[in-house]
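So the chains spell out like this:
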Amino acid sequence: MKKKHHHKKKISPAKKWSAKLHLWFGLSVGIIVFIVSLTGTLYVFKDEVQNILRKEAIYVQQASSTQKPLPINILREKVSLELNEKYPINSVEISLDKGKSYRFLYYEKSKKGWNYFQQVLINKQVYVNQYTGQILAVYDEKYDVFNILKYIHWGLLLNSEWGPYVVGIPTVLFIIMLITGIILWWPKNKNARKGRFRFNWENVKNWKRKNYDLHNVLGFYASFITLIMSVTGIYFAYPYVKNTFNLALSGYWEQPKEKQIKSPDSLMVKRVDIFDITAQQTEKLYAGSSSYRISLNGKNKKGKELKNLPITTYGQEGRFSERNILTFDKYSGKLLTNKPHQQLSNAEKYANANYDIHTGSYFGLFGKIIWFIAGLICTSLPVTGFLIWWGKRKKQGKKI
């Protein structure tokens, strides 16, 4: 009788190289992927947690339905005097829900410093009862656990100029790992493929096999959501990624810079009630919005003086995707431009929505839950992947 020869299954070049890349990149950036995934996952429900913890500061009561809020300028001066900070108040966020307090924001950033704590000079939120002027609460956001989680996730607490690149490069490698992982998971045999969609541990007692299945099955299900998370993450870090989206969505590489209109009433004396005038117009034009933000220090994010007074309205609470931009003359309060969300280009709409897509809030509470679960799985992948490699390494060592 002729002996049967068992031939080893040939591995395709695609799977061979996928396995190598998956292993090399996993061992090189696994710890960073773990940290970034964990911090991002814990950050997902930031708004929900803070709304519970800050409930007493968020909600206020009117003495009567006819009671009007105090002028914004008076409230600003009151906050400035009581807190006596060396930096000016940056902005105020006003909810169209009259049962919610005003939020005054102190924010000042330095270009110097190699880490987050040195760069952010001040970041405080002051909740004020707009009817009485009472300061309800002051939160130092610089040391808030969610902000620290955010900046670990964003750049490992490093300088904002190069910190995102430290996280961005591993994220790009992680995207390659996700793609190679799907290639490795995908079997040629259809019957074998069905078995890889679920756990089959009835007769399995070996923890190594269970760990292997956790890495493969959970990794497969989470990979598609995780790809979205990763791509939207590097959108923030790398300008060329954003520009690629611009080109695909609206046909231009860089978004055209908007020209600031010179205030036509610049020769007149600035009105004391300028903020209240612009606030009233904003609420009339966008009565269905959730809230709006007024710049109070007359400067943009880069610290340059604004020629006009911009106001941003937000369509839904906890989301930044639907924004309307109003520009007022900073002396008279005359409306100069009104750019509603509907008139934005596809690239501009996506730029506003990218943060919400990245955190899952774009899809509501259900989206956040899915993103949270995917984030937990993503956090586990470097651990289960390392254990698979370590188990094989020990097995090979015994053979020798």
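Numbering of residues starts from 1 in every chain and runs along the sequence as written. Only residues with pLDDT of 70 or above have their local features reported here, since the model is predicted, and side-chain atom pairs are shown and tallied only from 80 upward, although totals for entire chains, interfaces and linings are computed over all residues. Excluding hydrogens and water, the side-chain figures rest on all heavy atoms present in the structure.

Caption draft 1: Representation of the overall build of the chain within the structure. Along the backbone of the chain there are 13 helices and eight strands. The rule is simple: take the accessible area with a 1.4 Å probe, protein chains only, and divide by the maximum for that residue type; under 20% is buried, over 50% is exposed, in between is partly exposed. Here the chain, with 400 residues, has 42% of them falling under the buried criterion. Contact between two residues is taken to exist if any of their heavy atoms lie within 4.5 Å; hydrogens are not considered. If you take every contact in the chain between residues at least 6 apart in sequence, the share linking residues at least 24 apart comes to 62%. Approximately 24200 Å² of the chain is accessible, and the part contributed by carbon and sulfur atoms is 60%. For the chain, the centre of its 61 positive side-chain charges and the centre of its 27 negative side-chain charges are spaced 20 Å apart. Only DSSP runs of H or I reaching four residues or more are called helices, and only runs of E reaching two or more are called strands; each is numbered from the N terminus. Here the accessible surface of atoms and residues is derived via Shrake-Rupley with a 1.4 Å probe, and residues count as covered only by protein chains that are part of the display. Only four residue types enter the charge count, namely Lys and Arg as positive and Asp and Glu as negative; His and the chain termini do not. A charged residue contributes its charge at one atom only: NZ of Lys, CZ of Arg, CG of Asp or CD of Glu.

Caption draft 2: Molecular detail of the nonpolar core. Nonpolar cores are built from buried Ala, Val, Leu, Ile, Met, Phe, Trp, Tyr and Cys residues. Side-chain atoms within 4.5 Å join them into one set. Ranked by size, the top nonpolar core spans 26 residues in total, and within it I72, V79, V92, F104, V126, I294 and L296 carry the most contacts. Looking at this core element by element, the count peaks at four residues for helix 4 (residues 72-83). What V79 contacts, discounting residues up to four positions off in sequence, is N84, I89, F104, Y106, V126, V128 and I135. Counting residues in each nonpolar core, the second largest holds 18 residues, with V29, V33, L173 and M177 among its members.

Caption draft 3: View of empty space enclosed by the protein. A pocket here means an open set of points on a 1 Å grid, computed over the protein atoms alone, that has protein on both sides within 12 Å along at least five of seven lines. A cavity is instead a set of points where a 1.4 Å probe fits but cannot get out; residues with an atom within 4 Å of a point line either one. Grid points are joined across faces, edges and corners, and a volume is the space filled by probe spheres set on the points. A complete count under the given rule lists one cavity of 30 Å³ or more for this structure. Around the largest cavity, the lining residues are K109, Y116, Q119, V120, Y151, W154, G155, L157, L158 and S160. Those elements that place two or more of their residues in the lining of the largest cavity are helix 5 (116-119) and helix 6 (145-155). When residues of the lining of the largest cavity are assigned to their parent elements, the largest contribution, three residues, is made by helix 6. Its residues assigned to classes, the lining of the largest cavity shows six nonpolar, three polar and one charged. Just so you know the grouping, Ala, Val, Leu, Ile, Met, Phe, Trp, Tyr, Cys and Pro go in nonpolar, Asp, Glu, Lys and Arg go in charged, and all remaining residues, Gly too, go in polar.

Caption draft 4: Representation of the packing of helix 4 against helix 11 (residues 274-285). It is the contact of helix 4 with helix 11, at a shortest axis distance of 7 Å, that shows an interaxial angle of 125 degrees. By the angle between their axes, helix 4 is oblique relative to helix 11. When helix 4 is examined against helix 11, the residues I72, N73 and R76 are found in contact with a partner set consisting of F275, D276 and A279. For the contact of helix 4 with helix 11, the class distribution of residues is three nonpolar, one polar and two charged. Working convention: axes come from line fits to C-alpha atoms, limited for helices to the stretch in contact. Angles between N-to-C directions cover 0 to 180 degrees. For this classification, under 35 degrees means roughly parallel, over 145 means roughly antiparallel, 65 to 115 means roughly perpendicular, and everything else is oblique.

Caption draft 5: Quick look at the packing of aromatic side chains. Pairs were defined over the aromatic rings of Phe, Tyr and Trp, the Trp ring being its six-membered one, requiring ring centres within 6.5 Å. Orientation was assigned from the angle between planes: stacked under 30 degrees, edge-to-face over 60, tilted for the rest. Across all of its chains, the model carries 25 aromatic pairs by this definition. Seen from their ring centres, Y116 and Y151 are 4.6 Å apart, and the 25 degrees between their planes marks the pair as stacked. Of this pair, Y116 sits in helix 5 while Y151 sits in helix 6; the two residues are 35 residues apart in sequence, bridging distant segments of the chain. For Y116, a relative accessible area of 2% corresponds to the buried category. Pairing W154 with F236 gives two aromatic rings, centres 5.8 Å apart and planes at 80 degrees, and the pair type is edge-to-face. Taken together, the residues span a long stretch of sequence, with W154 in helix 6 and F236 in helix 9 (residues 207-237) at a distance of 82 residues. Judged by its relative accessible area of 30%, W154 falls in the partly exposed class. Seen from the ring of W17, K20 lies directly overhead, with NZ or CZ sitting 4.8 Å from the centre. In this scheme, the term charge over a ring applies when either NZ of a lysine or CZ of an arginine sits within 6 Å of the ring centre and within 35 degrees of the ring normal.

Caption draft 6: Quick peek at the environment of N206. As for its placement among the helices and strands, N206 is situated in the loop between helix 8 (190-195) and helix 9. Along the backbone, N206 and E348 are 142 residues apart, and their C-alpha atoms lie at a distance of 52 Å. Here a polar contact is taken to be a pair of N or O atoms separated by no more than 3.5 Å, where protein atoms must pair a possible hydrogen donor with a possible acceptor and residues adjacent in sequence count only if both atoms sit in side chains. A polar atom in the side chain of N206 sits 2.9 Å from the backbone nitrogen of K208.

Caption draft 7: Focus on the pattern of salt bridges. Salt bridges are defined by distance alone: a side-chain nitrogen of Lys or Arg within 4 Å of a carboxyl oxygen of Asp or Glu. The tally for this structure, following the rule as stated, stands at 14 salt bridges. The shortest N-O distance in the salt bridge between D213 and R209 comes to 3.2 Å. One end of the pair is D213 and the other is R209, both in helix 9 and four residues apart, which spans about a single turn. For E348, the salt bridge goes to K339, with nearest N and O atoms at 3.2 Å.

Caption draft 8: Here's a closer look at the environment of W17. Mapped onto the elements of the fold, W17 is located in helix 1 (residues 13-43). Its relative accessible area of 48% is what places W17 among the partly exposed residues. In this structure, the C-alpha to C-alpha distance between W17 and T180, residues 163 residues apart in sequence, is 8.5 Å.

Caption draft 9: Examining helix 11 more closely. Relative to the 16 Å expected for twelve residues at 1.5 Å per residue, helix 11 spans 17 Å between its end C-alpha atoms, a close match to the ideal helical length. Along helix 11, the residues classified as buried are I274, F275, D276, I277, T278, A279 and T282. Where helix 11 is buried, its residues meet helix 4, strand 5 (291-295), strand 6 (309-314) and strand 7 (323-328). Under the convention used throughout, the expected extent of a helix is 1.5 Å for every residue step, that is, one less than its residue count.

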